[in-house]
Amino acid sequence: MGSTLTDILDAAAHGSFPPPDGGTTVVPQPSRRDAGVIAFTGHSVVFTDEDPQWVRRTLATIDCDPLAATMNPRFLGALLDHTRRSMDTIDLLTVASSLDGPPALPLTALADAGHPREVRARRRRDEVRVWATDGGVVVLGRGVAGRWEAAIEVDDEHRHRGLGRALATAARHLVPDGQPVWAQQAAGNARSVRAFQAAGFRPVGAEALLLAT
């Protein structure tokens, strides 16, 4: 397993995961913006600039299955308080390989469109790019550890027609340089989970991002 979050994510994108040994690896934040926890099968990675010993002592106080400790609300709450950060939710973390050629979906590149998805992405990602089609948008940007991350939005009147799947698939064609593309879906957003998995995104773990306030 690599010694940086970038190494760990690159390996996971290609199907090589941390050992399912019940352990927790603590690595430095890849940037001041990005801190959090990723729980893979049987192994968690905490990326923070806080003292690793504090992380391990705090995990040891959590009264739950040790495999679940890093995603337990009590640990996440302690980590949020200690770092003075905030978070939204625990997401399903997924990844897909790039696809050759242009997307089948007709798309128009937008510059500073002001779409809510774009505004939200610019707070959490760099090099944000936006494309629109009738009824939806797809957004790409560099997020955690510089990985390419995709997000989509489908207008209410265009739902249940396969557009979400088509937009997620388009992201695989649009990602630069043949790199993998990542996407997070809230576990309760079953519609989004289905769309990304239908587009070939594979679940790799759960992720809690801690946002700088």
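Summarised in this report is the structure supplied together with it. (Residues numbered from 1 in each chain as written. Predicted model: local features only at pLDDT ≥ 70, side-chain atom pairs only at ≥ 80, totals over all residues. Heavy atoms only, no water.)

## Side note on the overall build of the protein chain
- A count of helical and extended segments in the protein chain gives six helices and 11 strands.
- Across its three principal directions, the C-alpha atoms of the protein chain cover 50 × 35 × 30 Å.
- In the protein chain, which comprises 213 residues, the proportion classed as buried is 46%.
- Of all intrachain contacts in the protein chain linking residues separated by at least 6 positions in sequence, the fraction that spans at least 24 positions is 61%.
- Carbon and sulfur atoms provide 49% of the accessible area of the protein chain, an area that totals close to 10500 Å².
- Across the protein chain, the mean location of the 23 positive side-chain charges is 3 Å away from that of the 25 negative side-chain charges. (Helix = DSSP H or I, 4+ residues; strand = E, 2+ residues; numbered from the N terminus. Buried < 20%, exposed > 50% of the residue type's maximum accessible area, 1.4 Å probe, protein only. Contact = heavy atoms within 4.5 Å. Areas by Shrake-Rupley, 256 points an atom, 1.4 Å probe, with all protein chains shown as cover. Lys, Arg positive; Asp, Glu negative; His and termini not counted. Charge placed at Lys NZ, Arg CZ, Asp CG, Glu CD.)

## Some points on empty space enclosed by the protein
- In total, this model carries one cavity of 30 Å³ or more according to the counting rule given.
- Each pocket or cavity is described by its volume, and for the largest cavity that value is around 40 Å³.
- The wall of the largest cavity is formed by G22, G23, T24, G42, H43, S44, P66, L67 and T70.
- Among the secondary structure elements, those contributing two or more residues to the lining of the largest cavity are strand 1 (23-27) and strand 3 (43-47).
- Split by residue class, the lining of the largest cavity holds two nonpolar, seven polar and no charged. (1 Å grid on protein atoms, 1.4 Å probe; cavity = no way out; pocket = protein on both sides within 12 Å on 5 of 7 lines; lining within 4 Å. Points joined across faces, edges and corners; volume = space filled by probe spheres on them. Nonpolar A, V, L, I, M, F, W, Y, C, P; charged D, E, K, R; others polar.)

## Quick word on the side chain of T83
- With respect to the secondary-structure elements, T83 resides in helix 3 (residues 73-83).
- Polar contacts involving the side chain of T83 include one to the main-chain carbonyl oxygen of L79, which spans 2.7 Å.
- Ignoring any residue separated from it by four or fewer positions in sequence, one finds T83 in contact with T48, E50 and L210. (Polar contact = N/O pair within 3.5 Å; in protein donor to acceptor, adjacent residues only side chain to side chain.)

## Focus on the nonpolar core
- With 21 residues, the main nonpolar core has V138, L140, L167, L174, V181, F196 and F201 as its most contacted residues.
- Where this core is concerned, the elements lending two or more residues are strand 8 (136-142), strand 9 (148-154), helix 5 (163-174) and strand 10 (181-186).
- Of all the elements, helix 5 adds the most residues to this core, at six residues.
- Setting aside chain neighbours within four positions, we find F201 in contact with T94, V95, A96, A168, R172, V181, W182, A183 and F196. (Core = buried A, V, L, I, M, F, W, Y, C linked by side-chain atoms within 4.5 Å.)

## Side note on the pattern of salt bridges
- Across all of its chains, the model carries seven salt bridges by this definition.
- Between R33 and D34 there is a salt bridge; the shortest N-O distance is 3.0 Å.
- For R33, a relative accessible area of 24% gives the class partly exposed.
- Ionic pairing is found between E127 and R142, a salt bridge with its closest N-O pair at 3.6 Å. Taken together, the residues span a long stretch of sequence, with E127 in strand 7 (residues 126-133) and R142 in strand 8 at a distance of 15 residues.
- Linked through salt bridges whose partners overlap, the residues forming this network are R125, R147, E149 and E207. (Salt bridge = Lys/Arg side-chain N within 4 Å of Asp/Glu carboxyl O.)

## Considering the packing of aromatic side chains
- One pass over the structure, following the stated rule, counts two aromatic pairs.
- Between the aromatic rings of F17 and F40, the centroid separation amounts to 6.1 Å while the plane-to-plane angle is 55°, which identifies the pairing as tilted. Here F17, found in the loop between helix 1 (5-13) and strand 1, pairs with F40, found in strand 2 (residues 35-40); they are 23 residues apart in sequence, far enough to count as distant.
- Relative to F201, the ring of F196 has its centre 5.0 Å away and its plane inclined at 85°; by these criteria the two rings are edge-to-face.
- Looking at F196, the relative accessible area reads 2%, which means it is buried. (Phe/Tyr/Trp six-rings, centres within 6.5 Å; stacked < 30°, edge-to-face > 60°.)

## A look at helix 5
- For helix 5, spanning 12 residues, the distance from its first C-alpha to its last is 16 Å, which sits close to the expected 16 Å at 1.5 Å a residue.
- Across the 12 residues of helix 5, nine count as buried, placing the element largely inside the fold.
- Of all the positions in helix 5, only L163, G164, L167, A168, A170, A171, R172, H173 and L174 are classed as buried.
- Those residues of helix 5 that are buried are in contact with strand 5 (90-96), strand 7, strand 8, strand 9, strand 10 and helix 6 (190-198). (Expected span 1.5 Å × (residues − 1).)

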